[in-house]
Amino acid sequence: MIFDSHAHYDDEAFNVDRDDVLLGLKDKGVIGVLNCGASIEGARMSVELSKKYDFIYSAVGVHPEYADIVNDDLICELRDLTRFHKVRAIGEIGLDYFYDENPDREIQKRAFRLQMELARQLKLPVVIHDRDAHMDTLEILKEFPQVIGTIHCFSGSVEFARECLKLGYYIGFTGVITFKNAKKIVEVAKEVPMDRILVETDCPYMAPVPNRGKRNESDYIKYIIEKISEIKGKSIEEIECATIFNIKQLLKIPK
Ligand code: NI
């Protein structure tokens, strides 16, 4: 069984067959999905999806790519969206220094802090996006010691993982762990204790081998679970149980 801790079924890549894909997931062993908003439109749609499908929960937030739209009005709208009981997290939020065309770093940090503060006030966990911004991300996480969450699509070193674990965060593993050239993330998987691992698609992106390059969907997480079971020397069932327990714990979903 699978609980996808990070998906974007609101993405236009699913416009042609979204309902078919989602309706099919349960038969493929998917018992839960956390759909994460990236834009404000995505956040709204994420909430709609969690109203329509019993197994979908939502996170609302604005990705660093759109950091320049984050202001007090937007924070108010996010706060309103969290009134629906299946909104269980603020995300995805964070820093992305990879693309030059992304908003200025100071603008990204401001948007990140405003949304971390919202999570603190609402006592909700956060879904963190960190690309090429490990040190600045860590600095801001440390400013909010009451907040925990998941470092989605973890891409840092073992040392960085240790710092995030110390702060109480979970580590999210995507299809990247199945890629032939994956070395760093395999080392991280060895290090992260069973009670802190999460599995995720980040669909439509990041499909694991053997579906690399295709549109991703939650049932493909079975390949990620297989790989983690191999790395950690545990059974598939143990990895399934741990990852489901962990995400339910984080999102306060009854077990
Ligand atoms: Ni994402």
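Preceding this section is the structure that the text describes.
Calculation criteria
Residues numbered from 1 in each chain as written. Predicted model: local features only at pLDDT ≥ 70, side-chain atom pairs only at ≥ 80, totals over all residues. Heavy atoms only, no water. Donors = N, O, S within 2.8 Å, 3.2 Å for Na, K, Ca; no water. Tetrahedral: all angles 85-135°; square planar, octahedral: opposite > 155°, others 65-115°. Helix = DSSP H or I, 4+ residues; strand = E, 2+ residues; numbered from the N terminus. Buried < 20%, exposed > 50% of the residue type's maximum accessible area, 1.4 Å probe, protein only. Disulfide = S-S within 2.5 Å. Axes fitted to C-alpha atoms, helices over the stretch in contact; angles between N-to-C directions. Parallel < 35°, antiparallel > 145°, perpendicular 65-115°, else oblique. Left-handed = near helix turned anticlockwise from the far one by under 90°. Contact = heavy atoms within 4.5 Å. Polar contact = N/O pair within 3.5 Å; in protein donor to acceptor, adjacent residues only side chain to side chain.

Chemist: Explain the coordination of the nickel ion residue by residue, including any values.
Modeler: Protein coordination at the nickel ion comes from His6 (NE2), His8 (NE2), Glu92 (OE) and Asp202 (OD), with a distance range of 2.1 to 2.2 Å. For the nickel ion, the 4 donor atoms in the first shell make angles of 86 to 175° at the metal, a pattern classed as irregular. Mapped onto the sequence, the residues coordinating the nickel ion show the spacing H-x1-H-x83-E-x109-D. One end of the pair, His8, is in the loop between strand S1 (2–7) and helix H1 (18–25); the other, Asp202, is in the loop between strand S8 (197–199) and helix H8 (221–232), and 194 residues separate them in sequence. The exposure classification of His8 matches that of Asp202, with both residues buried.

Chemist: Tell me about unusual backbone geometry, and please be specific about residues and values.
Modeler: Note: most residues except glycine have negative phi, and most peptide bonds are trans. Cis geometry marks the peptide bond from Gly91 to Glu92, where omega comes out at 5°. Relative to the helices and strands, Glu92 resides in strand S4 (residues 87–96). Between Val209 and Pro210 the backbone carries a cis peptide bond, its omega angle lying at 15°. With respect to the element layout, Pro210 can be found in the loop between S8 and H8. Positive phi is not limited to glycine here, since Met206 has a value of about 65°. Looking at the element boundaries, Met206 is found in the loop between S8 and H8.

Chemist: Could you give an account of the state of the cysteines, with specific residues and numbers?
Modeler: Under the counting rule described, the total for this entry stands at 0 disulfides. Of the cysteine sulfurs around Cys153, a residue in no disulfide, the closest is that of Cys36, at 12 Å. What makes Cys153 buried here is its relative accessible area of 16%.

Chemist: Give me the lowdown on the packing of helix H6 (residues 158–166) against helix H7 (residues 184–191), citing residues and values where you can.
Modeler: The geometry of H6 relative to H7 is characterised by a closest axis approach of 9 Å and an angle of 40° between their N-to-C directions. Between H6 and H7, the crossing angle belongs to the class labelled oblique. In this structure, the crossing between H6 and H7 has a hand that is right-handed. Two secondary-structure elements touch here, H6 through Val158, Ala161 and Arg162 and H7 through Glu187, Val188 and Glu191.

Chemist: Summarise the environment of Arg196; cite the residues concerned and give the values.
Modeler: Relative to the elements of secondary structure, Arg196 occurs in the loop between H7 and S8. As a C-alpha pair, Arg196 and Leu22 span 174 residues in sequence and 27 Å in three-dimensional space. Not counting residues up to four positions away in its chain, the partners in contact with Arg196 are Leu165, Gly168, Tyr169, Tyr170, Ile171 and Asn246. In terms of polar contacts, Arg196 uses its side chain to reach the backbone carbonyl oxygen of Leu165, at 2.9 Å.

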